[in-house]
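If you want the building blocks of each chain, they are given just below.
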Protein chains: 2
Amino acid sequence: MQMIVHLGENSYPITIEEGAIHHIQDTIDTHRKIAIIADDKVPDQWVNIVADQCENAFVLRFPAGEGSKCFTQFEALLEQLADQEMTRKDAIIAIGGGVTGDLSGFVAASYMRGIDFYNIPTTVLSQVDSSVGGKVAIDMGSYKNIVGAFWQPKAVIIDPDVLTTLSSRQVNNGLVEALKTGLIQDPVLVDLFEKETLDLPQIITRSIDVKRKVVEADEKEAGLRKILNFGHTIGHAIESAYGLDTYLHGECVAMGMLFFIEDKALKDRVLKIYDRLDLPKVPDYSIDQLMHYIAHDKKSNRNSVTVVKVKSAGSYILEDLSFDQIRSRLERGPYEE
Amino acid sequence: MQMIVHLGENSYPITIEEGAIHHIQDTIDTHRKIAIIADDKVPDQWVNIVADQCENAFVLRFPAGEGSKCFTQFEALLEQLADQEMTRKDAIIAIGGGVTGDLSGFVAASYMRGIDFYNIPTTVLSQVDSSVGGKVAIDMGSYKNIVGAFWQPKAVIIDPDVLTTLSSRQVNNGLVEALKTGLIQDPVLVDLFEKETLDLPQIITRSIDVKRKVVEADEKEAGLRKILNFGHTIGHAIESAYGLDTYLHGECVAMGMLFFIEDKALKDRVLKIYDRLDLPKVPDYSIDQLMHYIAHDKKSNRNSVTVVKVKSAGSYILEDLSFDQIRSRLERGPYEE
């Protein structure tokens, strides 16, 4: 199936289909020079399938992991584009997860002030969420995503078949963002997590459809798009303080959501889903350390931050909390009301 | 006087007025944290006048010169914004020439995916041209402006009074871009260069007005905006090959224009103006070396480049030349027809 993200001149199609990576020409103009960017853990088989369909492609690999979202990699990739004499009319295809999309998307946004960018997500997390929306960035020191751009892809190709090479931990990590999407916007999506078997294509499709609508309503994150940050305020802080080597992004978001699910029955449901997904428990944390990162989050204001709360599946509450209020929420702990 | 650059939601005012830097609040919201970015040659007096009007400003200086349009400075400035806990709602004011505008504009475009950017140009070159249009970038090795963004300022404040601290070489260097603008779009502007005294405010106003119209018609340089590159194809190559320490940008553009003024009488007029502005002669050049840079210019296609030619003052011809044609134009030399 195909959806269109309607963003005026920045509109683009999303294909969600088993086997879709075998016919990328449906949405990608491959008759030009194409830089395929992937981390070193993306299996060759996926990269080769894509490269073989291009007239004139070369592959750039970088070390897997959040650590590659740095200035050094950003510059190294840009240099390789220049060395390959890429022009403004050429294009980048990212094949990989969120890190690949964020890093190569920012490279595409910046090379010659912006060239065409295509995203072929190969992790659940990027398939259900991060591949759509145009938020690209690198980190700076411990500040996540603090340097970047809004740069919409020209097309996104989501092929659930490529998920077969992932570990179950990676799959579950990614499913957290889909669950988040359900909690704020789509109760049916939450229900899918309680079925006997997890229907991945359906979860992906429903999740991306919510994401698409939110991005359409608010491309530059001026308002509504903030709801997608459910779980991320505290989640990012845990990730920055403890997570970059220990936890995956989705695992931290799962932790972060617990602080702002404000209904006991719903929290019990969510905790059961967490068990099913085998997610880690929230570790002991230093409140001062988390507050440091929260104060530096780019979504924070001078003395407050807008957080998303959920009382019933599918509907959100946006609330401006002072740093003192956040601090006392952290003092109560994730498992308390 | 004030003009508006009409670019939909990216529209912004340009103030051109002697003494304008004394009342920046007319167009800048100063009630927030403001990073004032200037190179170390911008006189303190201008920086202080601006800083004193801000509620909460801090000044970041960097070494003057094209060499600062590099990843190291880009990263250093971004780090200082983070250290100062700048948020998305805060702003940057650039005070300086083209280098300052390009570098701090790209910092503004990238910090937290984009914050407000104001430009107070203090050189003739930036006052007549580069401060308007939203093209921001840094260099990579010898590739000029190869990494950047389109990021429109929120306002531009042009105060001709600040030009009094410039050397005559700097003034003349900047006037080349105004002459270029006249040659492609405004014969009256060319005439101004032949009057007994040079009326700077009038030259600035007419030049910016042309630039504004061209940018309005083509914000992202998809078509018409290419005419502003008159003189830049070969000029940039000379600058990359010989100029970064020897010549100023405008001096190189002046050299580059000579190759594509296709009328003898007009070229004679222009050469007389060059004499008046005391511009350097075109040096001996290696054709191979210049061709290397032209082939890598981001405006080049795979085997050709669109150049701008002028046969009569105020009107341009856009022409796609193969690299072979450019090479034979270089063989004829700048002073031949």
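Model, not experiment: these values are computed from the prediction. (Residues numbered from 1 in each chain as written. Chains lettered and ligands numbered in written order. Predicted model: local features only at pLDDT ≥ 70, side-chain atom pairs only at ≥ 80, totals over all residues. Heavy atoms only, no water.)

Looking at the overall build of chain A
Along the backbone of chain A there are twelve helices and eleven strands. The C-alpha radius of gyration of chain A comes to 19 Å, within 12% of the 20 Å expected for a compact globule of 337 residues. Across its three principal axes, chain A shows a C-alpha extent of roughly 55 × 40 × 35 Å. For chain A, with 337 residues in total, the buried portion stands at 62%. In chain A, 72% of the contacts between residues at least 6 apart in sequence involve partners at least 24 apart. Here chain A contributes 35 positive and 50 negative side-chain charges, whose respective centroids are spaced 5 Å apart. (Helix = DSSP H or I, 4+ residues; strand = E, 2+ residues; numbered from the N terminus. Rg over C-alpha atoms; globule rule 2.2 N^0.38 Å. Buried < 20%, exposed > 50% of the residue type's maximum accessible area, 1.4 Å probe, protein only. Contact = heavy atoms within 4.5 Å. Lys, Arg positive; Asp, Glu negative; His and termini not counted. Charge placed at Lys NZ, Arg CZ, Asp CG, Glu CD.)

What about the UniProt feature "domain: 3-dehydroquinate synthase N-terminal" (unreviewed entry) in chain A?
The feature "domain: 3-dehydroquinate synthase N-terminal" (unreviewed entry), as given by UniProt, occupies residues 61–172 of chain A in the numbering adopted here. Each end of residues 61–172 of chain A is marked by a C-alpha atom, and these two atoms are 25 Å apart; helix forms 34% of the span and strand 29%. (UniProt positions renumbered as here; feature names shortened; annotations may be inferred.)

Let's talk about the interface of chain B and chain A
Reports often express the size of an interface as the amount of accessible area lost when the parts come together. On the chain A side, the residues contacting the 37 residues of chain B number 35 residues. Viewed at the interface, chain A and chain B are joined by two salt bridges. Contributions of two or more residues to the side of chain B that touches chain A are made by α2 (71–83), α3 (98–110), β7 (135–140) and β8 (143–150) of chain B. If one sorts the elements of the side of chain B that touches chain A by residue count, β8 of chain B sits on top with seven residues. Of the residues in the side of chain B that touches chain A, the class split is 16 nonpolar, seven polar and 14 charged. (Salt bridge = Lys/Arg side-chain N within 4 Å of Asp/Glu carboxyl O. Nonpolar A, V, L, I, M, F, W, Y, C, P; charged D, E, K, R; others polar.)

Considering the relation of the copies chain B and chain A
In screw terms, the move from chain B to chain A is a rotation of 180° and a rise of 0.0 Å along the axis, fitting with an RMSD of 0.0 Å. Overall, the copies show the geometry of a two-fold rotation axis. For chain B, the minimum C-alpha distance to the rotation axis belongs to Phe 71 of chain B and amounts to 4.1 Å. (Least-squares fit on C-alpha atoms with pLDDT ≥ 70 in both.)

With respect to the side chain of Asp 102 of chain A
Residues and elements named next belong to chain A. For Asp 102, the location among the structural elements is in helix α3 (residues 98–110). With a relative accessible area of 13%, Asp 102 lands in the buried category. In this structure, Asp 102 is in contact with Lys 69, Lys 135, Val 136, Ala 137 and Asn 145, ignoring residues within four places of it in sequence.

Details of the pairing of strand β7 (residues 135–140) of chain A
All names here are of chain A. Burial analysis of β7 places six of its six residues in the buried class, which makes it a mostly covered element. Residues Lys 135, Ala 137 and Asp 139 point to one face of β7 and Val 136, Ile 138 and Met 140 to the other, with burial holding for every one of them. The sheet contact formed by β7 and strand β8 (residues 143–150) spans five bridges and is antiparallel. Looking across to β8, one finds that Val 136 is bridged to Ala 149. Counting the residues between successive antiparallel strands, the hairpin from β7 to β8 contains two residues, one of them, Gly 141, with a positive phi of roughly 55°. (Pairing = 2+ DSSP bridges.)

Points about the sheet that holds strand β2 (residues 12–16) of chain A
Residues and elements named next belong to chain A. With mixed pairing, the seven strands of this open sheet are ordered in space as β1-β2-β9-β6-β5-β3-β4. In this open sheet, the two edge strands, each paired with only one partner strand, are β1 (2–5) and β4 (56–62). Shown here is a sheet whose adjacent strand axes are inclined to one another by a mean of 20°, direction ignored. Note that strand β3 (residues 33–39) and β4 share seven bridges and pair parallel. (Axes fitted to C-alpha atoms, helices over the stretch in contact; angles between N-to-C directions.)

Some points on the sheet that holds strand β4 (residues 56–62) of chain B
Residue and element names in this part refer to chain B. Spatially, β1-β2-β9-β6-β5-β3-β4 is the arrangement adopted by the seven strands of the open sheet, whose pairing is mixed. Of all strands in the sheet, those bounded by a partner on one side alone are β1 (2–5) and β4. Looking at each pair of strands side by side, their axes are set apart by 20° on average, direction ignored. The sheet contacts of helix α7 (residues 200–217) involve β1, β2 (12–16) and β9 (155–158), and relative to β1 the element is tilted by about 20°.

Some points on the domain arrangement of chain A
Residue and element names in this part refer to chain A. If you check the domain split of chain A, you get domain 1 (2–165) and domain 2 (168–332). Between domain 1 and domain 2, the contact holds 30 residues from the first and 34 residues from the second. Between domain 1 and domain 2, a total of about 2800 Å² is buried, with carbon and sulfur atoms accounting for 65% of that surface. Contact with domain 2 buries surface across domain 1, with Leu 125, Val 128 and Lys 144 losing the most and accounting together for 21% of the total. (Domains from an automatic or database assignment. Buried area = accessible area lost by both parts, 1.4 Å probe.)

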